[in-house]
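Architecture at a glance
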Amino acid sequence: MASLLDNPVQAFVIASLVITSTYLYGKLYYRRFKQNAHLPQLPSSLLWGHLMAFDKFTKEGILDRHPDAIFAEMHRALGQPPIMLLDNWPIVPSMVIIASHDVAEQVSKSSNKFQYSAPKSSSVDRIVNLIGPNSILLKQNEKWKSVRKRFNPGFAPQHLMTLLPVIIEKATPYLQILDEFARAGTVFQLDQPTTNLTFDIIGAVAMDEDMGAQHLDPAHQGELICMFKELIKTYADDKLQLPWWLMPRVHLRRRRLGRLISQRLRGIARGKSRSILALSLQGIQLLTPEIMEETCDQLKTFLFAGHDTTSTTIIWSIYELYRTPYALKAVREELDNLFGPGAARDPAAVRDKFLSPEGSEIIHRMTYISAVIREVLRLHPPAGSIRVSSPGTGFVVSTSQGEYNLDGNWIYLNHNIIHRDRAVFGDTADHFVPERWLESDGLSVSAWRPFERGPRNCIGQELANIEARIMIAMLVCRYDFIKVGLGEVDVEENGQPTVNGSGQFKVKSELYSSKHLLDDTDHRQTC
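Keep in mind it's a predicted model, so treat the numbers as computed, not measured.

1. Some words on the overall build of the chain
For the chain, the helix and strand inventory stands at 21 helices and six strands. Taken over the C-alpha trace, the chain has a radius of gyration of 25 Å; the compact-globule value for 527 residues is 24 Å, and the two agree within 12%. Expressed along its principal axes, the backbone C-alpha trace of the chain runs to roughly 100 × 65 × 45 Å. Taking all 527 residues of the chain together, 50% fall into the buried category. For the chain, restricting intrachain contacts to residue pairs at least 6 apart in sequence, the fraction spanning at least 24 positions comes to 72%. Total accessible area on the chain is roughly 24,500 Å²; 55% of this is exposed by carbon and sulfur atoms. Taken together, the 58 basic and 58 acidic charged side chains of the chain have centroids lying 5 Å from each other.

2. Things to note about the packing of aromatic side chains
Applying the stated rule across the entire model yields 17 aromatic pairs. With centroids separated by 6.2 Å and ring planes inclined at 65°, the aromatic side chains of W437 and W448 adopt a geometry described as edge-to-face. Linking W437 in the loop between helix 20 (422-425) and helix 21 (461-475) with W448 in the loop between helix 20 and helix 21, this pair joins segments that are 11 residues apart in sequence. Judged by its relative accessible area of 17%, W437 is buried. The class for W448 is buried, based on a relative accessible area of 12%. With a centroid separation of 6.2 Å and an interplanar angle of 65°, the aromatic rings of W448 and F451 are classed as edge-to-face. There is no split in this pair, since W448 and F451 are both buried. Taken together, F425, W437, W448 and F451 form an aromatic cluster joined through their ring pairs. Above the ring of W89, the side-chain terminus of R31 is found at 4.1 Å from the ring centroid.

3. As for the pairing of strand 6 (residues 409-413)
Summarising burial for strand 6: five of the five residues are buried, a large majority. Here strand 2 (residues 95-98) runs beside strand 6; their pairing, made up of four bridges, is parallel. Bridging across to strand 6, V96 finds its partner in I411. Both strand 3 (residues 385-389) and strand 6 contribute to a ladder of five bridges, which runs antiparallel. Bridge assignment links V388 to a residue of strand 6, and that residue is W410.

Thresholds, definitions, all that
- Every chain is numbered independently, its residues counted from 1 as its sequence is written.
- Per-residue local features are limited, in this predicted model, to residues with pLDDT of at least 70; the limit for side-chain atom pairs, both in listing and counting, is 80 or more; totals at the level of whole chains, interfaces and linings are taken over all residues.
- With hydrogens and water excluded, all non-hydrogen atoms of the structure serve as input to the side-chain values.
- Per the convention used, a helix needs a DSSP run of H or I reaching at least four residues, while a strand needs a run of E reaching at least two, with both numbered from the N terminus.
- Between the two quantities, the radius of gyration covers C-alpha atoms and the globule rule is 2.2 Å times the number of residues to the power 0.38.
- For every residue, the accessible area (1.4 Å probe, protein chains only) is compared with the maximum for its type, and the residue is labelled buried under 20%, exposed over 50%, or partly exposed between those bounds.
- Contact definition: two residues touch when any of their heavy atoms are within 4.5 Å.
- In this description, accessible areas are obtained by the Shrake-Rupley approach with a 1.4 Å probe, and a residue is regarded as covered only by the protein chains that are shown.
- Positive charges are assigned to Lys and Arg, negative charges to Asp and Glu, while His and the chain termini are left out of the count.
- Where a charge lies is defined by one atom per residue type, namely NZ (Lys), CZ (Arg), CG (Asp) and CD (Glu).
- Stacked, tilted and edge-to-face are the three classes assigned to paired rings of Phe, Tyr and Trp, where Trp is represented by its six-membered ring and a pair needs centres within 6.5 Å; plane angles under 30 degrees give stacked, over 60 edge-to-face, the rest tilted.
- Whether a charge sits over a ring comes down to the Lys NZ or Arg CZ being within 6 Å of the ring centre and within 35 degrees of the ring normal.
- In short, DSSP must find at least two bridges between two strands for them to pair.

This is the structure in structure tokens:
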């Protein structure tokens, strides 16, 4: 002890370390065990929070499955409360997972606390080079309202119906590509040509621009689409989502590509006759640099959000229909009624019918196909929505287990869990049952929310629905799709598939969603 008194510097250092350690321990203890102690959660670790529990659940299943599947398993282990805290800080902020559509509705609607619903979180910030700093995804309150108001006319259903010829035109090369694969009898992946199709469609309807995305050889695709795909790849390759200072060269590459894409879009943003872009510029007398930058960033956002969601919906629709024979039969019968017996096998007949004066009516008469799409989006929602309530806001939600203050946390409206709630969808919650959407006494409107609800619902939901209906009509009578690999139908010794109790073919392995770039970015909510 005397030696410490003789060395005051050493004593000061030791005392400082003790005080600092005590302070940091207290702060960490409060964060882990006090700040959110009122919220339902699995046991937490002082050092790791729920990271160790998340890792344990991850290793108990398929390693690359979507995080939502892991959240659902943790939620079941906790007894399926209406909300659940997941504290994976400092990897991501602590997050309240919303598992009830009633609670999700409280978050997404206008309220005294939030005029335009709970604010979006900063989860999308990491892709700012992809969507631009002025993206509608990043805007809040009145700034969001101003941009939404500008682009609403272009996404209005009556305007989108005038763009049917554009959508049909882009479907023609897509069918030609599939015809070539069918004639060759080769195994191919449906996702790439379908994604290229939706890139072409969103480019045409949003900007009246030919993206040239549907060439199978990337060397012959348009310059803009090549740059956009290259930029997306920099994020897809970043599996660990590392900070910029650990990969400065990649970050600089993203910035360079983002600037080149914006430069290309400035040359397009001059307002063409029937595009969403043109309507957004109506009434603007002077195209200032600020308006130009804001407009270009919305176009980048629509390209990003608009291509993936629709292609995913189309692909899952095809998979579910071709493993569910009764549903496929019902779709084909509906198309026979709309187009004439066997006519839907001919793309020219389908095109002519859609482009006739009754084309809009036909799309709205696709009752069973609409139910199929709703059921696909229920089972396979492309993304959820992450909101936030800042400390001190006083944002309280009411649940079946009491009231909870959500301040200081991200708030994740988990569509995967909400859409498979057995209290709402019964024993068939995990099954593909389009008929559930044909019953008039039906389900709560807030229980189905793939495009989210409230003021900040998805601006492009009607376009996505129109695209999906048209493509299903063009595909299911013309082709017989056979899944190979993961999700492949199991056959008996006689070579015939067996139908299970849910009316679907038994499969050798279940197809599942995996994690990719779009999962953390709330990309569906282009609102």
